[in-house]
Amino acid sequence: TNKISIAIDGPAAAGKSTVAKIVAEKLSYIYIDTGAMYRALTYKAITNHCSLEDELELMKILNDTSMELLPGELGQLIYLDGQNVTNEIRSSEVTNSVSIVAKHKLVREEMVSRQQSFAKTGGVVMDGRDIGTHVLPEAEVKVFLLASVEERAVRRHNENIQKGFPSDLEKLIEEIALRDKLDSEREVAPLKKAEDAIEIDTTSLSIEQVVDEIMNLANERI
Ligand code: C5P
């Protein structure tokens, strides 16, 4: 069978990584969470007291940084310079700063080139904001996942509570809306549906239903 590439884009907390991971498992493909890469750089920059507006300083750090994405029991694991930072990159400090780091042109060029080399082998499910538009423009399947801000915030809120993390729904709504705004309005590779992407509004769909829709699209092309 033909090993295809599947690009899954969409706004923050739309369930991209949840469905991408399941689709990858079903197809025995590799899963690449590109948001984790921007988060890892943000984490390292904060730890090194680097100004997140300083593109050249960020590039110095990035050029001296290794990132590995490995499958784990509960989702993707990310190693930054050999250290497991899977939990650290989900902190609210990183979440609320990552869009600043991700707006820089040179940072994006380097990330895209690393992402493309991860995908070289084919048989990949990749999620992010610019996968269908810039990273894998030739992907056989492109999906753009949507859901209302309120629905996405409620899902994240329930996840937090389940994990025993503190969570404030109103604050989540604000933070998600702001991140979407920054990601959609930046100059370089903004969050945008690719012209040939299929839009799926997940607001009233279960995870299973979204996975099924993507699997149907994939099976038509494999
Ligand atoms: O997907 P996740 O929410 O973890 O992404 C974190 C942030 O990384 C996004 O809000 C965005 O600023 C940035 N990002 C990006 N391009 C991607 C993936 C993520 O700019 N392909």
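Owing to the predicted nature of the structure, the values given are computational and were not obtained by experimental measurement.

Enquirer: Sorry, what's going on with the UniProt feature "binding site: ATP" (unreviewed entry) in the chain here?
Expert: Mapped onto this structure's residue numbering, the UniProt feature "binding site: ATP" (unreviewed entry) falls at Gly-10, Pro-11, Ala-12, Ala-13, Ala-14, Gly-15, Lys-16, Ser-17 and Thr-18. Structurally, Gly-15 can be placed in the loop between strand S1 (5-9) and helix H1 (16-27). A tally of 22 C-beta atoms within 10 Å means that Gly-15 is categorised as buried. Take Lys-16: it is sitting in helix H1. Classification of Lys-16 by C-beta neighbours within 10 Å gives buried; the count is 27.

Enquirer: Explanation requested: the UniProt feature "domain: Cytidylate kinase" (unreviewed entry) in the chain in the structure shown.
Expert: The UniProt record annotates "domain: Cytidylate kinase" (unreviewed entry) at residues 6-219. With 50% helix and 17% strand, residues 6-219 has end C-alpha atoms that lie 11 Å from one another.

Enquirer: Looking at this model, I keep getting lost on the sheet that holds strand S6 (residues 124-128). Mind explaining?
Expert: In any sheet, the strands associate via hydrogen bonds between backbone groups, in a parallel or an antiparallel arrangement. Strand order in this open sheet of 5 strands is S2-S6-S1-S7-S8, and the pairing throughout is parallel. Whereas interior strands pair on both sides, the edge strands pair on one side only; in this sheet they are strand S2 (30-33) and strand S8 (198-201). With strand direction ignored, the average angle separating the axes of adjacent strands in the sheet is 20°. Most of the contacts of H1 go to S6, to which it runs at about 180°, and overall it touches S1, S2, S6 and strand S7 (141-146).

Cut-offs applied
- Residues numbered from 1 in each chain as written.
- Predicted model: local features only at pLDDT ≥ 70, side-chain atom pairs only at ≥ 80, totals over all residues.
- UniProt positions renumbered as here; feature names shortened; annotations may be inferred.
- Helix = DSSP H or I, 4+ residues; strand = E, 2+ residues; numbered from the N terminus.
- Buried ≥ 20, exposed ≤ 12 C-beta atoms within 10 Å, placed from the backbone.
- Pairing = 2+ DSSP bridges.
- Axes fitted to C-alpha atoms, helices over the stretch in contact; angles between N-to-C directions.
- Contact = placed C-beta atoms within 7 Å.

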